[in-house]
Amino acid sequence: MILTIEAVRKSFAGPEGTLSVLDGLDLTLAEGATLALTGESGSGKSTLLTLIAGLDAPDAGRIHVAGKDVTALDDAGRAALRRDTVGLVFQQFNLIPSLNVAANLAFQARLSGRLDRAWLDEVTARLGLAELATRYPEQLSGGQQQRVAIGRTLAARPALILADEPTGNLDEAAADRVLALMLELSRDSGVALLMVTHSQRLAGRLDRRAHLSRGRIA
Ligand SMILES: Nc1ncnc2c1ncn2[C@@H]1O[C@H](COP(=O)(O)OP(=O)(O)OP(=O)(O)O)[C@@H](O)[C@H]1O
């Protein structure tokens, strides 16, 4: 398993008291498998991705990524996990403002020591980003920024991609092309994909679906 989640709990302190978001959640994902995570707004999908990525800690339970207990790693260990094993495509694109599109696309792959020029060029072309290569993030539309954020993660070929509505800013045709590229990467390179989506149409193209409700996978 690339990902094993056992009995994870997470709650937040809010103005009306404690809000329990994840309540004993279990989930597994095999190497190279693709999973669509659905659930109502506020059900905890983004929270779950944040915990898997080690950007926040669960209150209880265990999360293993590629055999490592994320909940037991220190800051440096969790940063190394994000550099070497887990790729993130979050709703805030986190592009580097001082780097142009080409440099943003290569950034993650270079950092993880997996820069493969031919694959980077293919990702760039397939996401329609070649003609934008010398632009800077602030000169891009929301959808263009989203494609750069996806490309940056795909270029690095991490063992596990966590994507939070990665095609939310794209029209249907562009969303289909992007998802096709992600699925192809999964099939050809054994990259596992956990993708949050509100689209039943897109969810149906992944191997499995998991629905988050009342803090657990239904
Ligand atoms: N850091 C935080 N502090 C307090 N409450 C939080 C925090 N992060 C998330 N929440 C609350 O936890 C709940 C789950 O939020 P989350 O963003 O995980 O939902 P989601 O399923 O991803 O929603 P959406 O589909 O709208 O993106 C929400 O009620 C949210 O307000």
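Conventions and cut-offs
Residues numbered from 1 in each chain as written. Predicted model: local features only at pLDDT ≥ 70, side-chain atom pairs only at ≥ 80, totals over all residues. Helix = DSSP H or I, 4+ residues; strand = E, 2+ residues; numbered from the N terminus. Rg over C-alpha atoms; globule rule 2.2 N^0.38 Å. Buried ≥ 20, exposed ≤ 12 C-beta atoms within 10 Å, placed from the backbone. Core = buried A, V, L, I, M, F, W, Y, C linked by C-beta atoms within 7 Å. Contact = placed C-beta atoms within 7 Å. Near = placed C-beta within 6 Å. Nonpolar A, V, L, I, M, F, W, Y, C, P; charged D, E, K, R; others polar. Pairing = 2+ DSSP bridges. Axes fitted to C-alpha atoms, helices over the stretch in contact; angles between N-to-C directions. Parallel < 35°, antiparallel > 145°, perpendicular 65-115°, else oblique. Left-handed = near helix turned anticlockwise from the far one by under 90°. UniProt positions renumbered as here; feature names shortened; annotations may be inferred. Arc of directions from axis to C-beta.

### Thoughts on the overall build of the protein
Consideration 1: Broken down by element type, the protein carries seven helices and ten strands.
Consideration 2: In terms of C-alpha radius of gyration, the protein reaches 17 Å, essentially the compact-globule figure of 17 Å for 218 residues.
Consideration 3: Dimensions of the protein, computed from C-alpha atoms along their principal axes, come out at roughly 50 × 35 × 35 Å.
Consideration 4: A total of 218 residues make up the protein; the buried ones form 39% of that total.

### A closer look at the nonpolar core
Consideration 1: Residues Ile52, Val65, Leu160 and Leu162 are the most contacted members of the largest nonpolar core, which totals 58 residues.
Consideration 2: With six residues, helix α5 (residues 142-156) is the single largest residue contributor to this core.
Consideration 3: Excluding residues within four positions of it along the chain, Ile52 makes contact with Leu3, Ile63, Val65, Val70 and Leu162.

### Observations regarding the site of the ligand
Consideration 1: Close to the ligand lie Phe12, Gly14, Leu19, Val21, Gly39, Ser41, Gly42, Ser43, Gly44, Lys45, Ser46 and Thr47, which account for all nearby residues.
Consideration 2: Of all the elements in the fold, those that place two or more residues in the shell around the ligand are β1 (3-14), β2 (17-29) and α1 (45-52).
Consideration 3: When residues of the shell around the ligand are assigned to their parent elements, the largest contribution, three residues, is made by α1.
Consideration 4: Tallied by class, residues from the shell around the ligand come to three nonpolar, eight polar and one charged.

### Digging into unusual backbone geometry
Consideration 1: Here Arg157, not a glycine, exhibits a phi torsion of approximately 45°, which is positive.
Consideration 2: By the element assignment, Arg157 lies in the loop between α5 and β7 (160-164).
Consideration 3: For Glu165, which is not glycine, the phi dihedral falls at a positive 45°.
Consideration 4: With respect to the helices and strands, Glu165 occurs in the loop between β7 and α6 (172-189).

### Here we look at the pairing of β2
Consideration 1: As judged from the ten bridges shared by β1 and β2, these two strands associate in the antiparallel manner. The partner of Gly14 across the bridge, within β2, is Gly17.
Consideration 2: Here β1 folds back onto β2 in antiparallel fashion, the turn holding two residues.

### Considering the packing of helix α4 (residues 117-126) against α5
Consideration 1: α5 packs onto α4 with a crossing angle of 155° between their chain directions and a minimal axis gap of 9 Å. When the axes of α4 and α5 are compared, the pair comes out roughly antiparallel. The hand of the α4/α5 crossing is right-handed. In contact with Trp119, Leu120, Val123 and Thr124 of α4, α5 contributes Gly151, Leu154 and Ala155.
Consideration 2: Considered class by class, the residues forming the contact of α4 with α5 number five nonpolar, two polar and no charged.

### Section: the environment of Met195
Consideration 1: As for its placement among the helices and strands, Met195 is situated in strand β8 (residues 192-196).
Consideration 2: C-alpha separation for the pair Met195 and Thr34, spaced 161 residues apart in sequence, amounts to 7.8 Å.
Consideration 3: Residues within four places of Met195 in sequence aside, it is in contact with Ala36, Leu37, Ala163, Pro166 and Leu206.

### Details of the UniProt feature "domain: ABC transporter" (unreviewed entry) in the protein
Consideration 1: Per the UniProt record, "domain: ABC transporter" (unreviewed entry) is annotated on residues 3-218.
Consideration 2: Measuring from the first to the last C-alpha atom of residues 3-218 gives 18 Å, for a span that is 35% helix and 28% strand.

### Comments concerning helix α3 (residues 101-111)
Consideration 1: Every buried residue of α3 is listed here: Val101, Asn104, Leu105, Gln108 and Ala109. An end-on view of α3 places all buried positions within 135° of arc, on one side of the element.
Consideration 2: Here the buried face of α3 lies against β6 (86-89), α4 and α5.
Consideration 3: Gly113 lies just past α3 and shows a positive phi near 70°.

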